[in-house]
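Tertiary structure, described
Spelled out from the first residue to the last, the chains are:
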Amino acid sequence: MTARPGHTRGREAGAVRFAVVGNPENRRVALFGQAVRAAGLPAPRLLAWADVLRAGAAEFAADELVRLDSPGENADVDRLLRGAEDPTRVEGSARWYAALMSALRGLRGGIRLDDPDELAVLFDKRRCHAALAAAGVPVPYSPTSGADAPPVRGWDDVRTLMREHRMPRLFAKLAHGSSASGVLAIESAAGGRIRATTSVELGPDGRLFNSLRVRRYDDERQIAAIVDTLAPDGLHLERWLPKAAQRGRPADLRIVVVAGKATHAVVRTGASPLTNLHLGGRRGDLDAARAAAETAGLRWTDVLGVCEQAAARFPRTLCVGVDLLPATRWRRVAVGEVNAFGDLLPRLTGLPGSGAEGLDTYAAQVAAALARYTPRDHPSHSHHPHHPHHPHENETGTAHALA
């Protein structure tokens, strides 16, 4: 049952309580609830994003552990955030960002597992890239990183930046996009020809739609039309780093970092530059990736350490998902993105030595939250004797893995 945004239920004496802001029907919410109950705790109090957005506020008890889950995959919530009637439309991400940030400012009380100020950076690729670069995290070069970077007003600006910064191949991303929405992998060829690979479908009337089919555009006029339509929502450009391959398919990694420690990892391979699993990507072989990296001279602890270094930029957010880009032949790595809601990896258990062995990403977060926010002598500590280490335990270096 969904609780009203301003309502706090009665609490059992001494019981640890979680609260979740999410979409009630979403599997993320269900999986986290299962993890909380498996820890011997009461089911989380659930506040629906739709109710929170309509009320403009929500109250939490002072000692309630509050998790924010993804507002995605709900048409009603999408309308409230983006104002679009069709959830497959690409446009509206700037309004989505503004509405979400406003909702975060309306949340009061509780012990937050996701910091609002850090979320504001995580959901702006330009600010996130600048923050990572300033912290020494290896990232692809970007001419649009940071508040002082030139705006991208349309395709003419993209063309200019490609020329001025010698970027014949680049990714154009919505500044506030997610799940590859609005991403274009752009490459120039001999004679000035341009090709873009994207999941964006350009309608005959110029409207843009997200598609599960990756398509290629070779007509520069169509590419320009897509970019010009996306530009008002904000665009971020990054140099296209040639990726390592696994079984002939481009490969990258999603690394989940919980309480500062890399706990879960999955290899993603794709038939195109977009490796997202919902766009036809497949899970690859993690052992083979580790072996390839170590053969190339990288220590695996350093590879994971780059992700922990990126997550350390957001110390007040319990869990992030880091997209790690391995260079050709696994010689070095760079961070492509840091995702606030990057923990949906069903049935995947923790890495050896991570402290999350046998736990999925949600159980690892429950254990880490209890370790961080409840007293050592609290009964809840007995439910999960193993939990991800504190960020300063078992630190790893990064020198051998820097791009």
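Right above here is the structure, for reference.
In this report, the structure presented in the accompanying data block is examined. (Residues numbered from 1 in each chain as written. Predicted model: local features only at pLDDT ≥ 70, side-chain atom pairs only at ≥ 80, totals over all residues. Heavy atoms only, no water.)

This part covers helix α7 (residues 155-164). Every buried residue of α7 is accounted for by Trp155, Asp157, Val158, Leu161 and Met162. The arc that holds every buried residue of α7, seen down its axis, measures 155°, which confines them to one face. For α7, exposure combined with an orientation more than 90 degrees from the buried face picks out Asp156, Arg163 and Glu164. Next to the buried residues of α7 lie β5 (169-174), β6 (184-188), β7 (194-202), α8 (220-230) and β9 (235-239). (Buried < 20%, exposed > 50% of the residue type's maximum accessible area, 1.4 Å probe, protein only. Helix = DSSP H or I, 4+ residues; strand = E, 2+ residues; numbered from the N terminus. Arc of directions from axis to C-beta. Contact = heavy atoms within 4.5 Å.)

This paragraph deals with the environment of Leu318. Residue placement: Leu318 occurs in the loop between α10 (300-311) and β14 (319-326). Given the relative accessible area of 3%, Leu318 is considered buried. In this structure, the C-alpha to C-alpha distance between Leu318 and Arg372, residues 54 residues apart in sequence, is 9.5 Å. Setting aside residues no more than four positions away along its own chain, Leu318 makes contact with Leu113, Val257, Val258, Ala259, Gln365, Ala368, Ala369 and Arg372.

Among the secondary structure elements, Leu345 is positioned in the loop between β15 (333-339) and α11 (361-373). Considered as a pair, Leu345 and Asp360 are 15 residues apart in the sequence and their alpha carbons are 7.9 Å apart. Setting aside residues up to four positions removed in sequence, Leu345 forms contacts with Arg254, Val256, Val266, Arg283 and Thr361.

This paragraph deals with the packing of helix α1 (residues 27-38) against α11. Working note: a packed helix pair is described by the angle between its axes plus the distance between those axes. Close contact between α1 and α11 brings their axes to 8 Å; oriented N to C, the two are set at 50°. Judged by the inter-axis angle, α1 sits oblique to α11. Considering how the two elements wind past one another, α1 and α11 form a crossing that is right-handed. Contact residues: α1 offers Arg28, Leu31, Phe32, Ala35 and Val36, while α11 offers Tyr362, Ala363 and Val366. Tallied by class, residues from the contact of α1 with α11 come to seven nonpolar, no polar and one charged. (Axes fitted to C-alpha atoms, helices over the stretch in contact; angles between N-to-C directions. Parallel < 35°, antiparallel > 145°, perpendicular 65-115°, else oblique. Left-handed = near helix turned anticlockwise from the far one by under 90°. Nonpolar A, V, L, I, M, F, W, Y, C, P; charged D, E, K, R; others polar.)

What follows concerns the sheet that holds β6. Note: strands within a sheet are paired through backbone hydrogen bonds, in either parallel or antiparallel orientation. With antiparallel pairing, the five strands of this open sheet are ordered in space as β8-β7-β6-β5-β9. The two strands at the open ends of the sheet, each matched to only one other strand, are β8 (208-217) and β9. Adjacent strand axes in the sheet meet at a mean angle of 25° when their direction is disregarded. Note: β7 against β8, six bridges, orientation antiparallel. Residue pairing for β8: Glu201 is matched across the bridge by Phe209. (Pairing = 2+ DSSP bridges.)

Our focus in this paragraph is the packing of helix α3 (residues 75-82) against helix α4 (residues 93-105). Close contact between α3 and α4 brings their axes to 7 Å; oriented N to C, the two are set at 95°. The angle between the axes of α3 and α4 places the two elements in the roughly perpendicular class. In contact with Leu80, Leu81 and Arg82 of α3, α4 contributes Ser93, Arg95, Trp96, Ala99 and Leu100. Partitioning the contact of α3 with α4 into residue classes produces five nonpolar, one polar and two charged.

To continue, consider the nonpolar core. With 60 residues, the main nonpolar core has Phe123, Leu132, Val335 and Val338 as its most contacted residues. In terms of residue count, the dominant contributor to this core is α10 (seven residues). Dropping the residues within four chain positions of it, Phe123 is found in contact with Trp96, Tyr97, Leu100, Met101, Ala175, His176, Ala340 and Phe341. Core analysis: the next-biggest nonpolar cluster, separate from the first, contains 32 residues, Ala39, Leu41, Leu318 and Ala368 among them. (Core = buried A, V, L, I, M, F, W, Y, C linked by side-chain atoms within 4.5 Å.)

Glancing now at the side chain of Arg215. Tracing the chain through its elements places Arg215 in strand β8. For the buried residue Arg215, which engages in no salt bridge, the nearest side chain bearing the opposite charge is Glu201, 4.1 Å off. Looking at Arg215, its side chain comes within polar contact range of the side chain of Ser211, at 3.3 Å. A polar contact of 3.3 Å, which involves the side chain of Arg215, links it to the backbone oxygen of Arg213. Discounting chain neighbours no more than four positions away, the residues touching Arg215 are Ala196, Thr197, Thr198, Ser199, Val200 and Glu201. (Lys, Arg positive; Asp, Glu negative; His and termini not counted. Salt bridge = Lys/Arg side-chain N within 4 Å of Asp/Glu carboxyl O. Polar contact = N/O pair within 3.5 Å; in protein donor to acceptor, adjacent residues only side chain to side chain.)

This part covers the pairing of β7. Pairing of β6 with β7, which is carried by five bridges, proceeds in the antiparallel orientation. Its bridge partner being in β7, Leu184 is matched across the sheet by Thr198. Where β6 hands over to β7, the hairpin turn is made up of five residues, of which Gly191 adopts a positive phi near 80°. Hairpin connection from β7 to β8: five residues lie between these consecutive antiparallel strands, with Gly206 at a positive phi of about 90°.

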